[in-house]
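Report on the structure
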Amino acid sequence: MTKGELSMSYLDLVRSRNPLVHNITNWVVTGFTANGLLAMGASPIMAYAHEEVADVAKISSAVLLNMGTLDASVVQSILLAGKSANAHGVPVVFDPVGAGATPYRTEAARQIVREVKLTALRGNVAEVANVVGESWSIKGVDAGAGEGDVTALAVRAARKLGCLVVITGKDDVVTDGETTFVVSNGHPILTQVTGTGCLLGSVIGAFLAAAGEPSAQLEAAAEALAFYGVAAELAYAATEGRGPGSFQIEFLNQLALVTSDILKEKAAIAKLA
Ligand code: ATP
Ligand code: TZP
Ligand code: MG
Ligand code: MG
């Protein structure tokens, strides 16, 4: 399936509803994440204090939990915010950055998925495999080379966790365990800018907030992936030859400039049979 087979309207809903996205993220990507959310039409808030994270999550439209620079305090912030979001019906996206790289990261990620009900898990293939107890090689926070059926892994993970699972890479896979979309937008230069995976989790959160109904969340997540990839394609085209620094700035511009009409034209989304 390409173009048009999804309703492709969630981007407009994000921009009209301007959802507040509560981010507990890592200190590498905090500014990039806030600017990316603002550019696309959402509102970011970063809040970590144990004394307030439950209250911030409660008033937010989506919560993004990212353990990229974890320590015991961050893990506690994540658990408090995640449980509050669960109690108040706020969608939760979890990015298990580096799961599998160290025993501490792997165990923290597994504790988080045991104690917080996720709406979506978003990671590279190695991270998702390690969260659900499968092995996949990983080098630091980047996906290692590995062999395996990424789509089948995503489906197993979605069924095990009872949530959407998004595995990103050259192609992105999103599934609820029954229906699966593969999104092939994007550009390899995204791998040369740190935080592009992390920001994507927050962007998915904004789309999930716009979707509202659980029945719309899978399509909204697929549209988020296409939107992000199309913004990257256009940013690369506008900065070709100038390198990742120029690309990063233009990518923020394109998150603001891509319209739902452009997205309908350029989205490359396939529904697997
Ligand atoms: P990793 O640490 O393994 O790079 P990540 O958390 O940064 O993982 P990515 O898998 O890099 O997340 O995904 C971030 C964005 O980059 C997604 O939109 C994805 O589609 C895109 N992307 C990653 N690799 C490629 C590629 N080779 N070609 C096109 N797009 C890519
Ligand atoms: N180290 C800890 S978190 C982080 C690094 C480099 C950022 C990872 O960002 P992404 O989006 O996974 O590339
Ligand atoms: Mg990457
Ligand atoms: Mg990442």
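A quick note: this is a predicted structure, and the numbers were derived from the prediction, not measured. Counting from 1, residues in each chain are numbered in the order their sequence is written. Following the order in which they are written, the chains are lettered starting with A and the ligands numbered starting with 1. Only residues with pLDDT of at least 70 get local features here, since the model is predicted, and only at 80 or more are side-chain atom pairs given and counted; chain-wide, interface and lining totals rely on the full set of residues. The basis for every side-chain value is the complete set of heavy atoms in the structure, and neither hydrogens nor water enter the calculation.

Moving on, we get to the sheet that holds strand E3 (residues 62-66). If DSSP finds at least two bridges between two strands, the strands pair. Helix and strand labels come from DSSP, where a helix needs a run of H or I of at least four residues and a strand needs a run of E of at least two; each type is numbered from the N terminus. In spatial order, the strands read E2-E1-E3-E4-E5-E8-E9-E10-E11; together these 9 strands make up an open sheet with mixed pairing. Each having just a single partner strand, strand E2 (43-46) and strand E11 (269-271) make up the two edges of the open sheet. When strand polarity is set aside, the average angle formed by the axes of neighbouring strands in this sheet is 20°. Axes here refer to lines fitted to C-alpha atoms; in helices the fit is confined to the stretch in contact. Angles between the N-to-C directions go from 0 to 180 degrees.

If you trace the backbone, Arg105 turns up in helix H5 (residues 103-115). A distance of 3.0 Å separates the side chain of Arg105 from the backbone oxygen of Val97, its partner in a polar contact. Beyond its immediate chain neighbours, meaning those up to four positions away, Arg105 contacts Met67, Gly68, Leu70, Val97, Gly98 and Ala99. Pairs of N or O atoms within 3.5 Å make up the polar contacts considered here, provided that, within protein, one atom can donate a hydrogen while the other can accept it, and that residues adjacent in sequence are counted only when both atoms are side-chain atoms. Any two residues whose heavy atoms approach within 4.5 Å are treated as being in contact.

Cross-referencing UniProt, the feature "binding site: substrate" (unreviewed entry) maps to Met46 and Gly195 in the present numbering. Examined against the element boundaries, Met46 turns out to sit in strand E2. Beyond its immediate sequence surroundings of up to four residues, Met46 is in contact with Asn23, Thr30, Thr33 and Ala34. Within the fold, Gly195 resides in the loop between strand E10 (180-183) and helix H8 (196-211). Only protein chains enter the accessibility calculation, which uses a 1.4 Å probe; a residue whose area is less than 20% of its type maximum is buried, one above 50% is exposed, and one in between is partly exposed. Residue classification places Gly195 among the buried residues on the basis of a relative accessible area of 7%. UniProt positions are given in the numbering used here, feature names are shortened, and annotations may be inferred rather than shown by experiment.

So, about the site of ligand 2. Around ligand 2, the surrounding shell holds 10 residues, and the nearest of these are Gly68, Gly195, Thr196, Gly197 and Cys198. Within the backbone of Thr196, an N or O atom sits 3.5 Å from an oxygen atom of ligand 2. In isolation ligand 2 has 380 Å² of accessible area, and contact with the protein removes 78% of it. When we say a residue is near a molecule or strand, we mean one of its heavy atoms is within 4 Å of it. Per-residue and other accessible areas were derived by the Shrake-Rupley procedure at a 1.4 Å probe size, with only the shown protein chains allowed to occlude residues.

This next bit is on the pattern of salt bridges. The salt bridge criterion pairs a side-chain nitrogen of Lys or Arg with a carboxyl oxygen of Asp or Glu, the two atoms within 4 Å. Under the criterion given, the structure shown has 5 salt bridges. Residue Lys83 is joined to Glu115 by a salt bridge in which the shortest nitrogen-to-oxygen separation is 2.9 Å. One end of the pair, Lys83, is in helix H4 (residues 72-87); the other, Glu115, is in helix H5, with 32 residues separating them in the sequence. Take Lys83: its relative accessible area is 40%, and that puts it in the partly exposed class. Judged by relative accessible area, which is 32%, Glu115 ranks as partly exposed. Measuring nitrogen to oxygen at the nearest pair gives 2.7 Å for the salt bridge that ties Arg122 to Asp95. Note that Arg122 is positioned in strand E5 (residues 120-124) and Asp95 in strand E4 (residues 92-95), a separation of 27 residues in sequence.

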